[in-house]
Protein chains: 4
Amino acid sequence: MNTFGEVFRLTSFGESHGRGIGGIIDGCPAGLELNVERIQHDLARRRPGQSKITTQRKEPDQVEFLSGVFEGTTQGTPIAFVIWNKDQHSNDYHDLKGVFRPSHADFTYLQKYGTRDYRGGGRSSARETIARVVAGAIAKQLLAKPGVTIQAYVSRVGEISLQKPYTELDLSKTEDNLVRCPDAGTAAQMIRRIEEAALDRDTVGGVITCVVKGVPAGWGEPVFNKLHADLGFAMLGINAVKGFEYGSGFEGTKLSGSQHNDIFIRDGEKIRTKTNHSGGIQGGISNGEDIYFNVAFKPIATLLKEQHTVDVNSQEVTINPKGRHDPCVLPRAVPIVEAMAALVLADHFLMSKLNAI
Amino acid sequence: MNTFGEVFRLTSFGESHGRGIGGIIDGCPAGLELNVERIQHDLARRRPGQSKITTQRKEPDQVEFLSGVFEGTTQGTPIAFVIWNKDQHSNDYHDLKGVFRPSHADFTYLQKYGTRDYRGGGRSSARETIARVVAGAIAKQLLAKPGVTIQAYVSRVGEISLQKPYTELDLSKTEDNLVRCPDAGTAAQMIRRIEEAALDRDTVGGVITCVVKGVPAGWGEPVFNKLHADLGFAMLGINAVKGFEYGSGFEGTKLSGSQHNDIFIRDGEKIRTKTNHSGGIQGGISNGEDIYFNVAFKPIATLLKEQHTVDVNSQEVTINPKGRHDPCVLPRAVPIVEAMAALVLADHFLMSKLNAI
Amino acid sequence: MNTFGEVFRLTSFGESHGRGIGGIIDGCPAGLELNVERIQHDLARRRPGQSKITTQRKEPDQVEFLSGVFEGTTQGTPIAFVIWNKDQHSNDYHDLKGVFRPSHADFTYLQKYGTRDYRGGGRSSARETIARVVAGAIAKQLLAKPGVTIQAYVSRVGEISLQKPYTELDLSKTEDNLVRCPDAGTAAQMIRRIEEAALDRDTVGGVITCVVKGVPAGWGEPVFNKLHADLGFAMLGINAVKGFEYGSGFEGTKLSGSQHNDIFIRDGEKIRTKTNHSGGIQGGISNGEDIYFNVAFKPIATLLKEQHTVDVNSQEVTINPKGRHDPCVLPRAVPIVEAMAALVLADHFLMSKLNAI
Amino acid sequence: MNTFGEVFRLTSFGESHGRGIGGIIDGCPAGLELNVERIQHDLARRRPGQSKITTQRKEPDQVEFLSGVFEGTTQGTPIAFVIWNKDQHSNDYHDLKGVFRPSHADFTYLQKYGTRDYRGGGRSSARETIARVVAGAIAKQLLAKPGVTIQAYVSRVGEISLQKPYTELDLSKTEDNLVRCPDAGTAAQMIRRIEEAALDRDTVGGVITCVVKGVPAGWGEPVFNKLHADLGFAMLGINAVKGFEYGSGFEGTKLSGSQHNDIFIRDGEKIRTKTNHSGGIQGGISNGEDIYFNVAFKPIATLLKEQHTVDVNSQEVTINPKGRHDPCVLPRAVPIVEAMAALVLADHFLMSKLNAI
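Residues numbered from 1 in each chain as written. Chains lettered and ligands numbered in written order. Predicted model: local features only at pLDDT ≥ 70, side-chain atom pairs only at ≥ 80, totals over all residues. Heavy atoms only, no water.

## Focus on helix α8 (residues 330-351) of chain B
Next, step 1: Taking 1.5 Å as the rise per residue, α8 of chain B with 22 residues should run 32 Å; its terminal C-alpha atoms sit 31 Å apart, in good agreement.
Next, step 2: Most of α8 of chain B sits out of view: 22 of its 22 residues are buried. (Helix = DSSP H or I, 4+ residues; strand = E, 2+ residues; numbered from the N terminus. Expected span 1.5 Å × (residues − 1). Buried < 20%, exposed > 50% of the residue type's maximum accessible area, 1.4 Å probe, protein only.)

## Section: the packing of aromatic side chains
What characterises a pair of aromatic rings is the spacing of the ring centres plus the angle enclosed by the ring planes.
Next, step 1: Scanning the model with the defined rule gives 50 aromatic pairs over all chains in all.
Next, step 2: An aromatic cluster is built from Phe4, Phe224 and Phe233 of chain A together with Phe4, Phe224 and Phe233 of chain B, whose rings are joined through pairwise contacts.
Next, step 3: A cation sits over an aromatic face here: Lys242 of chain A above Tyr246 of chain B, 4.3 Å from the ring centre. (Phe/Tyr/Trp six-rings, centres within 6.5 Å; stacked < 30°, edge-to-face > 60°. Lys NZ or Arg CZ within 6 Å of the ring centre and 35° of its normal.)

## Points about the nonpolar core
Next, step 1: Core analysis: the biggest nonpolar cluster contains 371 residues, and Phe293 of chain A, Phe293 of chain B, Phe293 of chain C together with Phe293 of chain D have the highest contact counts within it.
Next, step 2: Excluding residues that lie within four positions of it along the chain, Phe293 of chain B makes contacts with Ile208, Thr209, Cys210, Val212, Leu231, Met235, Phe244, Glu245, Tyr246, Val337 and Ala341 of chain B. (Core = buried A, V, L, I, M, F, W, Y, C linked by side-chain atoms within 4.5 Å. Contact = heavy atoms within 4.5 Å.)

## Remarks on the sheet that holds strand β3 (residues 20-26) of chain D
Residues and elements named next belong to chain D.
Next, step 1: Spatial ordering of the open sheet is given by β1-β2-β3-β7-β4, a layout of 5 strands whose pairing is antiparallel. The sheet terminates laterally at β1 (3-4) and β4 (63-65), the two strands that pair on one side only.
Next, step 2: Note that β3 and strand β7 (residues 79-84) share 6 bridges and pair antiparallel. Within β7, the residue paired with Gly23 across the bridge is Phe81. (Pairing = 2+ DSSP bridges.)

## A word on the environment of Ala188 of chain B
Next, step 1: When you line up the elements, Ala188 of chain B lands in helix α4 (residues 184-199).
Next, step 2: Here the alpha-carbon distance between Ala188 of chain B and Lys322 of chain B, two residues 134 residues apart in the chain, equals 28 Å.

## So, the pairing of strand β14 (residues 270-273) of chain B
Residue and element names in this part refer to chain B.
Next, step 1: Every second residue of β14 is oriented toward a common face, the buried set being Ile271 and Thr273 and the non-buried set Lys270 and Arg272.
Next, step 2: With 4 bridges connecting them, strand β13 (residues 264-267) and β14 associate as antiparallel partners. Considered in β14, the bridge of Phe264 is made with Thr273.
Next, step 3: Counted between consecutive antiparallel strands, the loop separating β13 from β14 contains 2 residues, among which Gly268 sits at a positive phi close to 65 degrees.

## Observations regarding the relation of the copies chain B and chain A
Next, step 1: For these two chains of identical sequence, chain B goes onto chain A by a turn of 180 degrees and a shift of 0.0 Å along the axis, with RMSD 0.0 Å. Expressed as an axis order, the relation between the two copies is that of a two-fold axis. Scanning chain B for the C-alpha nearest the rotation axis identifies Phe233 of chain B, at a separation of 2.4 Å.
Next, step 2: Looking at the interface residues of chain B, 99% of them are also at the interface in chain A, so both copies use one shared face. (Least-squares fit on C-alpha atoms with pLDDT ≥ 70 in both.)

## A closer look at the sheet that holds strand β4 (residues 63-65) of chain C
Next, step 1: The sheet built from 5 strands is open, its strands ordered β1-β2-β3-β7-β4 (chain C) with antiparallel pairing. Strands at the two margins of the open sheet, each flanked by one partner only, are β1 (3-4) and β4 of chain C.

## Considerations on a negative patch on the surface
Next, step 1: On the surface, a cluster of negative charge is made up of Glu6 of chain A, Glu6 of chain B, Glu6 of chain C together with Glu6 of chain D.
Next, step 2: You can call Glu6 of chain D partly exposed: its relative accessible area is 42%. (Patch = residues over 30% accessible without salt bridge, like charges linked within 9 Å, V, L, I, M, F, W, Y side chains within 5 Å. Areas by Shrake-Rupley, 256 points an atom, 1.4 Å probe, with all protein chains shown as cover. Salt bridge = Lys/Arg side-chain N within 4 Å of Asp/Glu carboxyl O. Lys, Arg positive; Asp, Glu negative; His and termini not counted. Charge placed at Lys NZ, Arg CZ, Asp CG, Glu CD.)

## Description of the interface of chain C and chain D
Next, step 1: Each partner contributes to the interface: chain C provides 101 residues, whereas chain D provides 100 residues.
Next, step 2: Approximately 8,200 Å² of surface area, both sides summed, lies buried where chain C meets chain D, with 61% of it carried by carbon and sulfur atoms.
Next, step 3: Taken together, chain C and chain D are joined by 2 salt bridges.
Next, step 4: With a shortest N-O distance of 2.9 Å, Lys112 of chain C and Glu221 of chain D are connected by a salt bridge.
Next, step 5: Taken together, the links from chain C to chain D amount to 37 residue pairs in polar contact (both at pLDDT 80 or more). (Buried area = accessible area lost by both parts, 1.4 Å probe. Polar contact = N/O pair within 3.5 Å; in protein donor to acceptor, adjacent residues only side chain to side chain.)

Here you go:
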């Protein structure tokens, strides 16, 4: 169950304080020239310590390929890779060995497995997503063949919300600021909001929006693996995610059908829709319009405040965590959202080759 | 890709105007005494024509088992079943043969497959969900063994919203009214809202909330198959669903971490949480608290209003659909949401037998 | 686990004395015109009562499609089908309810599931293979697109063995006699051998050889799903099969490497091999030469002789089965071998579309 | 497709001359104390250079675990491991870059992928089986819980064949000689036969027999995943394997049904069979008797003789391979056969927990 995807498959491994995090990508077609810099670029966007509003942990996060790439090109064989763990202050966690940190996975892992690696969350740590970023960066390179691009950005931090839809934004400006919001003014407010949370030794949540362009009509699988169901599954598998909506989403349910329906029109040679409440997906299959969706991230559970909880012996204890943690996960989660979207789309790109004779 | 689940698996088949809809359930353990009446009860809750606020189509929707059940008991072998299609006014659809109905799957299916069964949506019809209700009703009976119960209800229709959380409602009253909202006053408003939409030959969307009780701590699979990711995937695979959130959901992202964290407490022999923003799931694994989530349904696309669109020859056409359609899908979708939740939970119940030696 | 295949998938259902046997084919591409006569033809080759050397049970074995085919063409959606059980003398089996027939699955099913459908073997009956023949007949029609043909024949019955390799036989004569051996003289001996067994109220086993022509180089998946591993898996899943070998097989292990190696040569534009000990598969991937393999069938366990055994209460009992049974399963197993080969090859045909960019 | 197993799953990676060979084991239950020495012991049995009758290449083959094991115990999380490649004389292979070695996978890989790693066979090298030996050694430790043991041995080399069935042998003597044949006299002949082949710069094939004891009745899955079908699939996926038979195998097909049937008898509290032509498996499910099967290995294709072949430009060339190669793969394949058997049985052991309520 540590495998994601049907045809383009990532199997991930690793714990936050083990030897390393990595994975095997199986099903990547042969003949793809890998641009390792592009992979490293996405790792850098996810990396801790990249700015004043993220954790100050230093992790170089250099990917090493163990197989599947020969003379720079994929071979159709499994691509194994690892990112070695460096900055492993395992001892920081010794005090937490028997403690159930609130809203973490400590309690549930122990209930499930009867044992757990208590060092920094072990397998439940968000550090695991580094494997997804590597695989997603490869998936993006595969998706470049049919011309698909994926851009995510932070659209809300706490109550600070971008007021404009993506169609009125210049998404190329997303990387221009620390918080990865394409509107400079809103970005400034968001950064302030995160700094406040950090000062308060607290955390803050928000929403990431993702836009996918260039998907041709016909990707997606009825009935269970609707394209948006696979996207939602992918997003909900990211640490701290609490919700997913695509196209008109929760708000759109307040419209009437006649307001919500996307009327088909002719646009030169193409058939397109006048509006795009459908978010580029109808009946679970892409219709050629932009795909867009929102992902809700909770305020992360690791606070630097004193908190009451219970330990493995059912004793009440008080914890007062130290360390270097993110006050807000969203800026670093942008490449993770993109990566998971890329994995889903690369999978459906390949599957679309099987649609018809 | 018409299979759902890892261990308890439903493979569904059928088109709205073909011979029938059905499926094969593989992986149901041997020795489960099937109560067919309970299955038929859920089919009746989903059935068209059940009340004045649903479509008036008459479909008896009687399930027939073809295999896997012997002397009333499951045999561990595949359980095949079919619900024969009866009320098939295929000719109603002949006019729509070459037309792309707005926000339906007509266009995308044709793009994907190069062919399509145009009669009533074919495979993309929500009639397919009948197979899920049968399988879900069996999953519910399996889940009764560990004491799990699932209850969904309509919590919003258009702008008419239930103001109370589920913890302040008597969910046993859900079936007391046509709209399946456990609060009588809100239910009356919702029914009125649906009747208005019907009069207006339009449709209206909304939200269904689902509550699962009795799941012990330890179900769910890191990292991709988090329990809520599988639930979200299941819900997003239901026709007309646009969003999913669990626990504190989108709103919870506005809280600070210190407000959002669920503090562990001792409750007699058990370890529980004081609040339940986590929605009963931490790190993707159940923690023993109630699981609850929301599912957003768009206003369905089939209107009885004149609409402009385009046909297969890229010609602009005007359609003016007739027939018997639901002004609001939500009351009939309640058992579908429950069924999909049951499929996910039965799967994780079985998988939990594999956690540890 | 009642599903076969990765991309072209058959999920089968049914017991010998239940309502019917059938299945769902998922992953068949859209746009394949189905020739139902060809399907029915393979069912007739498998049908009981087809000749004096098979069981005299009469089963019409007419396939009925429930979904996935519209106006004679596959739609890319799941193809469900059923063959209704007709000639169900269930009462014949009542005496055997608590008895473990020697070398049948009675004992093992009960051990596994704690329950079993005792009527005629239930799910363990070879009648289940009827679903495979239907799916295989569709796979053959898909394989006709790339020009692949599959022909199996009986090459040994008891000690009566065809002395010539397939390359020296005219396989088009396979259907010219009751036993499906392309050499008339050997066929006559085989028929006599089967008639002797029948007279003796006993049974006889043998070997089926299968030859696949027209597979281009490049089908098959390293490392676990080697083309011959998938073929072997498919064959070993057929009732009564005890062994599988391809190319030079068990005998070839006696050669030295220099005798066994297939030297590459130029043949016009093509690269071919001088000999074909490899059986058309090298490193698990087809090389463009003929694929050929042998399948060993044990003498079936249902005898009309008195036998000693034990019942569910561990009491020793004597059984003296009556009824209409095959003295030799091989003639009817020829289309089953072909069907399973077709399923494997259709799967790899589709997968081969994913090899490279 | 580089994944093996349903519940206990190995995904393998690596090429013979890449960075290393390894894999991820997913689905191993938590709480298994790993004995790394036992793993290393099986690696040593597979290791090149272990005796005068194997290749003299020196490969230390030390396994390094990257995840999933904490304080010596499995955590239920994926177990990643790698065996670093050391003795990589890649340049040895430069001459063979464009050449299709007879009966190797050079030609077919290039046909499939349009590219290939030509160094020592790349992914098609038998060095990949090292990952299987590691995973199999862990599976064996899991299988020790229900008391299952697996012992393979060489039963034929070329024409030199062990005359006794396993029931008349002392399998504990298997490791007493270089060829891993439990009969000292036959072993001596086999060793001589291999030495002759080596002197002749040729290779020789043979048969490995494997015996599994302690499997309780009830493991195996009808209808496609019969226990012997999964075993056969596993064996046929090993490099150089050409055939598989279990129980009475090909020879048994010459018996009549009345000779072949295994009569059930009472043996104290247990129900057993008088003979075991069934090889411990009936209807695809274990019956509690010993499981035994044969695996045919061809003489490996790498000869140190001059051979004619063709290159990528369709030019005829002559090759005269140098290097350190095995004249006979069988002694080193014994632990590989055991490992694959262990993977299959561990998988079915876990699946058997899902049989009944």
